[in-house]
Amino acid sequence: MFGLKGDWSLEVKERYFTLEDYCGAEPRWCTGCGDHGILAAVHRVCRDAQLKPEKTVAVSGIGCSSRLPHYMNTYGFHGLHGRALPVACGVKSRRPDLDVWVATGDGDCFSIGAAHWIHAMRYNMDLTVLVFDNGIYGLTKKQTSPTTPLDVPTNTHPSGALLPPMNPLTVTLGITNISFIAQIVDWNAQLRHEVIKKAHAHKGTSFVRIIQRCPVYVESIGKTLQDEPARLKLLTHEKGVQVDDTVKRQFPNHAEHDPSDIHAAREFAENPDELPLGILYLNPDAPRYDLMSAAGLEMTAEERLAGLNEALDHFAI
Amino acid sequence: MSDSHVEGDTRYLFKRDKTWWVKVAVPRTLRDELGYDLRRSLHTHDLEAARATRWEVIEEFRSEIEKVKALRGGETDEGKQSPGNRESRNGKSQAGPIAVDQHIVEIVSDSGEGAQKCGQLMGLVSGKMGNGVWTVEIIPAEIQPPARSQQGASGIRVRMGSKYMTNMGNEADMVVAFNEQVLYSRIQNGAYREGTVVLLENMWAEDPEPAVREQYAEALADFKQRGLVVHELPIQQECLKIVSDPRKGKNMFVLGMLCHIYDRDTTMAKEEIAKIFRKKSDTVIKINHDLLYAGYAFARDNIDYQFSITTAPEDRLDSVVVINGNQAAGLGVMAAGIEMVAMYPITPATSASHYLAEDFHLTGGFVHQAEDEIAAIGFAIGSSYAGKTACTITSGPGIALKTEMIGLAVMAEIPLVIIDVQRGGPATGLPTKIEQGDLLAALFGAPGDAPKVVLAASTISECFHFVVMARKLAESFRTPVLILTDANLATGVQAIERPDVTDEWFAPPIDQSPWDRNVPPYDWDEKTGLSERPIPGMRGGEYILTGLAHNRNSKIAYDTRSNQEGMDMRSRKLAALAATLKAPEVHGDPEGDLLIVGWGSTIGAIEEAVDLARAAGKNVSSVHLRFLSPLEPGLKEIFSRFRKIKTIELNYSDAPDAPLSGIENRRYAQLAYALRAHTLMDIDCWSKVPGHPLSPATIGRVIDETLEQMEGAE
């Protein structure tokens, strides 16, 4: 790790980052909350990729998930409810050198920020988007979210959620120009790490829906899935995610799925009985808006001044 | 422009020391001999008596003016007599153009017939020929309102003059109408006077529909009744010689006519037409050129009067650009070194982004059309946070949607330039029409205390320069800066001095040098509230920006002390900025009876009205505010030198005599509201929401009435 290469040659690096270099404030999530594991995975991926903390920006909205930037030792932007994606896109628009992460939740992304979710996916700027989906509003204390399962009682629907939950995967798979969609559960460390690592390495918007446990308000959601792994289906492929046998043993259902096949991805996403885990869809060639929005970045002041005078000439006599 | 709000007829009358006088203005070219106006006391305090006896005096003055005019053997300006009867007056035609100081021409049509394009080109050519120009677009809210409808009028007013033009002026001298019905909405707006020449498309007289023929005949009689001088012209018939569908193309024919009537340079018009249609085929350009020349020839052969508006060399600007306010704002964005504009389509702001989409690449910029208003400002904030101060351009409803984000930019001290091209509100309101209704929303829109810088551009030139200033202020004071412009500035075309641009106006390259870890991200200076900000990429400056209450370290802090300190520091920045500002200049004497206070695009009309009133011996001055937050200093001191202070605004206020309102619970116009709170002075207001700019004549009447009331109250 320390610069030692496969051929035993030693690469001396000016800076080497350890996990600690990415750790910000002490997380204040509840005990047993799935967010802790996701944060650990993010720290690890940053460390493995040796991201410079000063060149890394974690953007979030509002909610339990959106506290994540405070627990990073990078730059961070803890903004408004639902608005993480437009801000993150703006950060990336003229700063291709920055590594931008987005932490959002099911309320933040799928409800108040739904418009931005749809459009940010289509922009396909180089962002790593992690949706912490616990199926409940946690920070405001147990209100129904778009993904709260039917009949789960909440403070806004005490006799249970009235409508079937939204399926964020099928919605996302319906958006033009998407380039990376994955789903994981927070409680499998290896799969979690592998998928987030792939998501980060992907050039374009990577959308990772993380089914995440909230033991305080809706323990049943995570517990059911944890107790009945047969309700999940692990998707592996050489182009997608590859895990070792220990992971495969934990998820008895698995299938080979080529993530370039969007039709197959949609079929897996639609199955309510076996929630897919792994990378559903991957297209490294989708047009990237961040490459377009950065146009002209390299221009010098002299060139800009000449351009400005040319613009004025259009109105001159 | 409407007379309707004036109680009683006081035309040609004014009051001095309770006695009524008659006054008749003298045409500009005769002023060396007769003075500015002719006036005589009627020796009565009674308005009714004055009304009765004035006509004799007026007639006498008029004949005196005519006599001098005749002696000089030429025609004069002001369009006081109609060009239509010129031939009969001096018995000859082709006498060469009549020199005028200024002329106002309108072109009105159904939507989609290109009247605006025609007027814009007229303004452009006039500006390029050295004239002062001001244009106002007349825009229906619908894209395709029904044809020949009174409310569907689409068009443009072009005021051309020898001097620099600052406003739309009073009644038009000439109007070209593509049908007779569209004239009615303009007549309702008081756009014309007795003697205004109407060049009217006459095809409707022969329309296959009897109802249309009837409408046309009725309108014609009505126009004559109203004193309009109507010339029916076979415009359609002439255009049909060149194009099969004159709905497209008639405008260029009319431009050709106007080029002859106003002695405009057709080569210049030809070039501008080629520029407009450069993306179309050469055939299209040729057809439009043919129409232009056909119109020119038609006017030459059929219209026997011609005007020239010359500009003295000393009045010519050295170097001119002819632009509207939205183009000016777009150029300002480029001149400020801003590289990112994030917007969502909204009238009347969008044309600024249209312009930028065309030229922004010349300075390396990018227009992001976001999915909604909130995303637009969010995107801009993201770019700003990352070190590239961005701009978002919108109108009132967009400001409403962006409010929470503006609050975030204030709270987290993110530099940002926001341009609000105001239109009529609330809700969807009057999308295409002018109002100054967003001031209080700009000042106080966000929940909690959200101090920010608010500027109001009053001229097209300021639409440019204020963006440059705003970017600088935003970064120096680490705050959003809101620039208010309006629908009148947005579409008004003016010839302005070409800005002498420099790369010093550009934002410096992003600072990526290491940040001293011992300096917190909000290292507030106790005296000014100012602090430097770390920018992503600066090693050692890593911090988590938050919209929550926070301390100097940007750590979430809900405690009393931190919250109070953050609020204090953000407010102190405005005080620090105010301390650097100068008191506004008073237009006119620094003391007197009445001080008119305005803001925004009304400046030209207010100052023209004040100048006229002062020339008539009235003790009135005006002051125009550019900084609304913080307010410019010294206002109380300036106000204290006048007997009465009155704001004139294009937003709503209760009339002082409105039922149930009364003086105690009267709702004041927005600037008056702010100034009353700021100065604790009894500042009055006159405001209306007519959906069009104020004319100098309207403001002149307000001045007269106010002074009369002041005298009456003594």
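Residues numbered from 1 in each chain as written. Chains lettered and ligands numbered in written order. Predicted model: local features only at pLDDT ≥ 70, side-chain atom pairs only at ≥ 80, totals over all residues. Heavy atoms only, no water.

A few words on the packing of aromatic side chains. For the structure on display, the rule yields 19 aromatic pairs over all chains. Residues F110 of chain A and F207 of chain A carry aromatic rings whose centres are separated by 6.5 Å and whose planes lie at 50 degrees to one another, so their mutual orientation is tilted. Within this pair, whereas F110 of chain A is found in helix α3 (residues 106–112), its partner F207 of chain A is found in strand β8 (residues 206–211), the two being separated by 97 residues in sequence. For F110 of chain A, a relative accessible area of 3% translates into the label buried. Between the aromatic rings of Y123 of chain A and Y289 of chain A, the centroid separation amounts to 5.2 Å while the plane-to-plane angle is 25 degrees, which identifies the pairing as stacked. A residue pair is termed long-range when its members are at least 10 positions apart, and Y123 of chain A in helix α4 (residues 114–123) and Y289 of chain A in helix α10 (residues 289–293) qualify at 166 residues. Considered together, Y123 of chain A and Y289 of chain A belong to a single accessibility category, that of buried residues. Aromatic ring contacts, followed pair by pair, group Y75 and F77 of chain A together with Y385, Y522, W524 and Y543 of chain B into a single cluster. (Phe/Tyr/Trp six-rings, centres within 6.5 Å; stacked < 30°, edge-to-face > 60°. Helix = DSSP H or I, 4+ residues; strand = E, 2+ residues; numbered from the N terminus. Buried < 20%, exposed > 50% of the residue type's maximum accessible area, 1.4 Å probe, protein only.)

All names here are of chain A. Checked against the element boundaries, V243 lands in the loop between β9 (232–236) and α8 (245–250). Residue class for V243 comes out buried when judged on its relative accessible area of 11%. Once the C-alpha coordinates of V243 and E194 are considered, the two residues, 49 residues apart in sequence, prove to be 7.7 Å apart. Once residues within four sequence positions are removed from consideration, V243 is found in contact with Q190, L191, E194, L234, T236 and K248. (Contact = heavy atoms within 4.5 Å.)

Along the chain, the position of S109 of chain B falls in strand β5 (residues 102–109). Accessibility expressed as a relative area gives 1% for S109 of chain B, which makes it buried.

A few words now on the sheet that holds strand β3 (residues 37–41) of chain B. Residues and elements named next belong to chain B. A sheet is described by the order of its strands in space; here three strands give the open sequence β1-β2-β3, paired in antiparallel fashion. Here the strands that pair on one side only, and so sit at the sheet edges, are β1 (13–16) and β3. Strand-to-strand, the axes of this sheet are offset by a mean angle of 30 degrees, without reference to chain direction. Pairing geometry for strand β2 (residues 19–25) and β3, over five bridges, is antiparallel. Counterpart to W21 in the pairing with β3 is S41. (Pairing = 2+ DSSP bridges. Axes fitted to C-alpha atoms, helices over the stretch in contact; angles between N-to-C directions.)

All names here are of chain B. Domain parsing of chain B yields domain 1 (13–74), domain 2 (90–315), domain 3 (321–502), domain 4 (509–580) and domain 5 (586–713). Taking only C-alpha atoms into account, the centre of domain 2 sits 33 Å from that of domain 3. Contacts between the two partners involve 18 residues from domain 2 and, on the opposite side, 14 residues from domain 3. For the pairing of domain 2 and domain 3, the buried interface totals around 1,300 Å² over both sides, and the portion due to carbon and sulfur atoms is 54%. A per-residue breakdown of the area domain 2 buries against domain 3 is headed by W134, I139 and Y164, which together make up 39% of the total. Counting across the domain 2 and domain 3 interface gives two salt bridges. Note that R278 and E358 form a salt bridge whose closest N and O atoms lie 3.0 Å from each other. (Domains from an automatic or database assignment. Buried area = accessible area lost by both parts, 1.4 Å probe. Salt bridge = Lys/Arg side-chain N within 4 Å of Asp/Glu carboxyl O.)

Another point: the interface of chain A and chain B. Facing 55 residues of chain A, the contacting portion of chain B comprises 64 residues. One can count three salt bridges joining chain A with chain B. Counting every contact that joins chain A to chain B gives 28 residue pairs in polar contact (both at pLDDT 80 or more). Of all the secondary-structure elements, those providing two or more residues to the side of chain A that touches chain B are β2 (75–78), α2 (84–93), α4, α10 and α11 (301–313) of chain A. Looking at the side of chain A that touches chain B residue by residue, the classes come out as 28 nonpolar, 15 polar and twelve charged. (Polar contact = N/O pair within 3.5 Å; in protein donor to acceptor, adjacent residues only side chain to side chain. Nonpolar A, V, L, I, M, F, W, Y, C, P; charged D, E, K, R; others polar.)

Mapping R62 of chain B onto the fold places it in helix α2 (residues 47–72). Engagement of the side chain of R62 of chain B in a polar contact is seen with the side chain of Y12 of chain B, the distance being 2.8 Å.

Time to look at the sheet that holds strand β4 (residues 127–133) of chain A. An order of β10(A)-β9(A)-β11(A)-β7(A)-β8(A)-β4(A)-β3(A)-β1(A)-β2(A)-β20(B) is seen for the ten strands of this open sheet, with the pairing classed as mixed. Looking at strand neighbours, the two that pair on one side only are β10 (254–256) of chain A together with β20 (544–546) of chain B, the edges of this open sheet. The mean inter-strand angle of the sheet, taken between neighbouring strand axes irrespective of direction, is 20 degrees. Where β9 of chain A lies against strand β11 (residues 275–282) of chain A, three bridges are found, and the strand directions are parallel. Counterpart to K233 of chain A in the pairing with β11 of chain A is P276 of chain A. Those strands touched by helix α9 (residues 262–270) of chain A are β9, β10 and β11 of chain A, and its axis lies near 160 degrees from that of β11 of chain A.

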